[in-house]
Amino acid sequence: MLKALPLTPNGKVDRLVLPKPETTNSELETAFVAPGTALETKLAEIWCTVLHREQVGIYDNFFELGGHSLLITSVISRIQEHFSIVLPLRSLFTAPTIAELSQVIIAHQLDAIAVDTLPPLVPQARDTSIPLSFAQESIWYLQQLAPESCAYNSFFILRFTGSLSAIALESSFHEIIRRHEILRTAFTIVEGQPVQVITPFLTIPLEIIDLQNLPWIERTSEAERLAALQYNHHFDLALVPLIKTNLLRLTPEEHWLTINMHHIITDGWSFGLLLEEIGILYTAFLNGLPSPLPELPVQYADFTLWQRQYFNEKVIEKQLAYWLQKLTNTSLASDEISSNPEMLSNENTSAAIYSVVLPASIVTSIEALCRSQRVSIFAIILTAMNILLFKYSSKNDILVITTIGNRSPVETEKMLGCFINDVILRSYLHSDKTGINLLEQAQETLTEAINNKEIASHTVINTITSKQPLNISASLTMLPPQNWHNWMLDVDFVTIKRDLDLWDGEIPLEIYVSSPSVNNPTMEIKVFYSTELFTNETIEFLFSYYQQILQQLLEDPTRQVCEFFDL
């Protein structure tokens with residue numbers, strides 16, 4: 001026994017420095033135990049597929065194995081497909097092991113709980129114009145409000161170190177464009193409505209720009225200049241392609257690949273999938289082999305038609321009713337979170353960027369709190385952000401918008417395309433609430449939002465703002481982890497200085513948080529902020545304070561809001 005419990009400066013138990021308990025009968029929970037029933041075997045098979053594991057024991061924790069919020073949807077979809085039941089998304093938080101989850105499934109089967117299951121996603125008849133998906137509809141709407149904006153470009157730069165075959169790389173892109181109809185899709189107006197128009201065949205030459213004739217000292221700066229020009233490329237949504245690639249050759253052993261795609265045809269998950277397919281195809285083509293990738297059973301257009309059929313007007317009206325009930329009667333006062341009183345408009349979207357990296361030690365503490373409180377990493381990040389906004393603005397009714405994935409059918413997991421939607425999370429903070437109270441609120445609010453995520457975000461926002469203002473303090477988005485597998489070349493990302501725009505001029509803070517991965521156990525927070533409303537010093541101060549709040553939450557989640565540091 002301990003002679004005394006370790007305490008925080010506030011006199012509360014410091015859980016992070018408590019010694020680990022001696023191994024007892026609970027050792028069973030960490031030792032590998034193979035599945036013993038058909039149900040456990042099937043769940044283990046699902047987990048191995050989703051988590052890219054060779055084996056999973058029935059007492060292994062889903063989140064300790066690398067599971068996160070996006071992968072929960074994959075597990076739930078497969079359970080629905082195999083067992084014909086729909087589990088709540090929270091099931092994996094309350095039952096994070098196969099042993100526990102199998103009991104939840106048995107309970108559902110015994111109770112014969114009646115639920116509406118999604119119909120299978122199969123190829124759809126295309127005898128009419130193909131509408132936009134709900135996610136595309138929102139991006140289309142935003143682009144029409146700011147037609148010259150590049151804010152909806154999804155742009156990144158990869159640096160390849162080592163000998164590179166431009167021919168194999170270009171062939172890889174040609175095969176990916178052939179495989180995925182969405183990369184051959186444009187968007188036009190038919191009878192007053194935007195529709196998808198698919199080009200049957202399309203190739204995009206990989207433009208190679210050789211910088212080797214420049215003095216060595218000038219090559220990097222010229223590469224950055226050219227890359228910035230690529231980022232500012234304006235896509236006409238009515239014309240294919242909506243993807244543009246360039247290869248900058250600095251030396252025979254160093255190349256920069258720029259990839260620019262309009263967000264209406266891609267999302268964060270698609271980015272990881274694109275890299276995976278490039279790696280697989282490049283390796284095959286370099287060795288003179290055919291593509292090893294199987295043909296896709298369905299395409300994005302099939303998903304769109306399926307989505308529109310299942311989530312019909314009745315379903316959308318029900319979801320709109322939820323959002324009206326959830327978001328109306330918020331405070332009509334200004335957010336007052338800026339360091340400059342001037343209000344933003346859609347024409348004023350100039351931004352700057354601030355970033356900070358949370359070290360692996362903090363990430364480990366975040367993951368430990370996830371397990372102990374059975375919440376997601378996002379719920380912890382959001383809770384700390386809500387406390388920051390509460391302390392800074394003195395408002396206890398906080399609205400934060402976030403982007404969530406919408407790949408419910410299993411078939412969409414290998415499909416490029418835009419499968420996201422924005423949802424607004426409303427949080428209430430009071431001085432006597434504890435961190436645990438706020439974590440539970442954040443997780444519950446997020447779960448409800450996911451269950452009502454199909455309706456286009458601009459429909460929700462326009463309906464509510466026609467009656468009252470929506471004072472959204474910030475957007476906060478978790479980016480999916482990017483794990484590099486089986487790459488023949490040494491690959492990393494390049495960051496360059498470029499002009500930045502906010503997605504929405506009325507939301508002054510856009511915050512993106514990277515998920516930890518096998519390759520990188522840290523988490524980076526990138527903050528895009530309005531230069532009209534914030535100074536650099538203010539942002540640096542705010543997010544230094546945010547890290548302190550996060551650290552306090554991790555050290556003692558029973559702490560009351562009033563006990564967190566004041567600004």
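Residues numbered from 1 in each chain as written. Predicted model: local features only at pLDDT ≥ 70, side-chain atom pairs only at ≥ 80, totals over all residues. Heavy atoms only, no water.

### Examining the overall build of the chain
Then, number 1: Check the secondary structure of the chain and you find 15 helices and 15 strands.
Then, number 2: Evaluated residue by residue, the chain yields a buried proportion of 53% over its 567 residues.
Then, number 3: In the chain, 77% of the contacts between residues at least 6 apart in sequence involve partners at least 24 apart.
Then, number 4: As displayed, the chain has an accessible area near 26,000 Å², and 53% of this comes from carbon and sulfur atoms. (Helix = DSSP H or I, 4+ residues; strand = E, 2+ residues; numbered from the N terminus. Buried < 20%, exposed > 50% of the residue type's maximum accessible area, 1.4 Å probe, protein only. Contact = heavy atoms within 4.5 Å. Areas by Shrake-Rupley, 256 points an atom, 1.4 Å probe, with all protein chains shown as cover.)

### As for the side chain of Glu 413
Then, number 1: Topologically, Glu 413 is positioned in the loop between strand E9 (397-405) and strand E10 (420-428).
Then, number 2: Here Glu 413 falls in the buried class, since its relative accessible area comes to 11%.
Then, number 3: A polar side-chain atom of Glu 413 sits 2.9 Å from a polar atom in the side chain of Ser 74.
Then, number 4: When residues no more than four places from it in sequence are discounted, the contact partners of Glu 413 are Ser 74, Arg 78, Trp 269, Leu 273 and Arg 407. (Polar contact = N/O pair within 3.5 Å; in protein donor to acceptor, adjacent residues only side chain to side chain.)

### Structural notes on the environment of Thr 403
Then, number 1: Inspection of the secondary structure assignment puts Thr 403 in strand E9.
Then, number 2: In this view, Thr 403 contacts Ile 420, Asn 421, Asp 422, Leu 476 and Thr 477; residues no more than four positions away in its chain are not counted.
Then, number 3: At 2.6 Å, the side chain of Thr 403 and the side chain of Asp 422 are in polar contact.

### Quick word on the sheet that holds strand E6 (residues 243-251)
Then, number 1: The strand order across the open sheet built from five strands is E5-E6-E7-E2-E12, with neighbouring strands paired in mixed fashion. Sheet topology places strand E5 (207-210) and strand E12 (490-493) at the edges, where each strand pairs with a single neighbour. Strand after strand, the sheet turns through a mean of 25 degrees between neighbouring axes, direction not considered.
Then, number 2: Where strand E2 (residues 153-161) and strand E7 (residues 254-262) come together, nine bridges link them in antiparallel fashion. (Pairing = 2+ DSSP bridges. Axes fitted to C-alpha atoms, helices over the stretch in contact; angles between N-to-C directions.)

### Quick word on the pattern of salt bridges
Then, number 1: Considering all chains together, one arrives at 15 salt bridges under this definition.
Then, number 2: When the shortest N-O distance is used, the salt bridge between Glu 295 and Arg 178 registers 2.7 Å. Here Glu 295 is found in the loop between helix H8 (268-286) and helix H9 (300-310), whereas its partner Arg 178 is found in helix H6 (residues 166-179), with 117 residues between them in sequence.
Then, number 3: For Glu 295, a relative accessible area of 53% gives the class exposed. (Salt bridge = Lys/Arg side-chain N within 4 Å of Asp/Glu carboxyl O.)

### Thoughts on helix H2 (residues 69-83)
Then, number 1: Between its terminal C-alpha atoms H2 stretches 21 Å, which fits the 21 Å expected from 15 residues at 1.5 Å a residue.
Then, number 2: Judged by how many residues are buried, H2 sits mostly within the fold: eleven of 15 residues are covered.
Then, number 3: Those residues of H2 that sit buried are Leu 71, Ile 72, Thr 73, Ser 74, Val 75, Ile 76, Ser 77, Arg 78, Ile 79, Gln 80 and Phe 83.
Then, number 4: Phi turns positive, to about 60 degrees, at Ser 84, one or two residues after H2. (Expected span 1.5 Å × (residues − 1).)

### Considering the packing of helix H10 (residues 313-327) against helix H13 (residues 435-450)
Then, number 1: Running from N to C, H10 and H13 cross one another at 150 degrees; their axes reach a closest spacing of 11 Å. Taken as axis vectors, H10 and H13 run roughly antiparallel relative to one another. Across the interface between the two elements, Tyr 322, Trp 323 and Lys 326 from H10 touch Thr 445, Glu 448 and Ala 449 from H13.
Then, number 2: Here the residues of the contact of H10 with H13 are counted per class, giving three nonpolar, one polar and two charged. (Parallel < 35°, antiparallel > 145°, perpendicular 65-115°, else oblique. Nonpolar A, V, L, I, M, F, W, Y, C, P; charged D, E, K, R; others polar.)

### Let's talk about the pairing of E10
Then, number 1: Across the nine residues of E10, seven count as buried, placing the element largely inside the fold.
Then, number 2: Pairing geometry for E9 and E10, over nine bridges, is antiparallel. Directly across from Asp 397, in E10, lies its bridge partner Tyr 428.

### Some points on the packing of aromatic side chains
Then, number 1: Inspection of the entire model under this criterion finds 17 aromatic pairs.
Then, number 2: Note on Phe 63 and Phe 93: the rings are 5.1 Å apart at their centroids and 15 degrees apart in plane angle, and the pair reads as stacked. Pair noted here: Phe 63 is in the loop between helix H1 (38-51) and H2 and Phe 93 is in helix H3 (residues 91-94), with a separation of 30 residues, a long-range link. Each member of the pair, Phe 63 together with Phe 93, is buried.
Then, number 3: Three or more aromatic residues link up through ring pairs in this structure, and these residues are Tyr 300, Phe 303, Trp 306, Tyr 310, Phe 311 and Phe 419. (Phe/Tyr/Trp six-rings, centres within 6.5 Å; stacked < 30°, edge-to-face > 60°.)

### Some thoughts on the sheet that holds strand E3 (residues 185-190)
Then, number 1: If you trace the three strands from one edge of the open sheet to the other, you get E1-E4-E3, paired in antiparallel fashion. Each edge of the open sheet is held by one strand with a lone partner, namely strand E1 (130-131) and E3.
Then, number 2: Where E3 lies against strand E4 (residues 193-198), six bridges are found, and the strand directions are antiparallel. Bridge pairing in E4 links Ile 189 to Pro 194.

### Side note on the environment of Gln 136
Then, number 1: Relative to the elements of secondary structure, Gln 136 occurs in helix H5 (residues 134-145).
Then, number 2: A residue is classified by how much of its surface remains accessible, and Gln 136, at 0% relative accessible area, is buried.
Then, number 3: Considering only alpha carbons, one finds Gln 136 and Phe 419, 283 residues apart in sequence, at a separation of 8.4 Å.
Then, number 4: When sequence neighbours within four positions are dropped, the list of residues in contact with Gln 136 reads Ile 182, Phe 187, Gln 196, Ile 264, Tyr 300, Thr 304 and Cys 418.
Then, number 5: Polar side-chain contacts of Gln 136 include one of 3.1 Å to the backbone nitrogen of Ser 133.
Then, number 6: Among the polar contacts made by the side chain of Gln 136, one reaches the side chain of Gln 196 at a distance of 3.3 Å.

### What about the nonpolar core?
Then, number 1: In this structure, Trp 47, Ile 79, Ile 366, Ile 380 and Ile 511 are the most contacted members of the largest nonpolar core, which totals 151 residues.
Then, number 2: The greatest single-element share of this core, amounting to twelve residues, is contributed by helix H12 (residues 377-393).
Then, number 3: Not counting chain neighbours up to four residues away, the residues in contact with Ile 366 comprise Leu 358, Ile 377, Ile 380, Ile 381, Met 523, Leu 550 and Leu 554.
Then, number 4: In this structure, Phe 155, Leu 211, Trp 256 and Val 494 belong to the second largest nonpolar core, which totals eleven residues. (Core = buried A, V, L, I, M, F, W, Y, C linked by side-chain atoms within 4.5 Å.)

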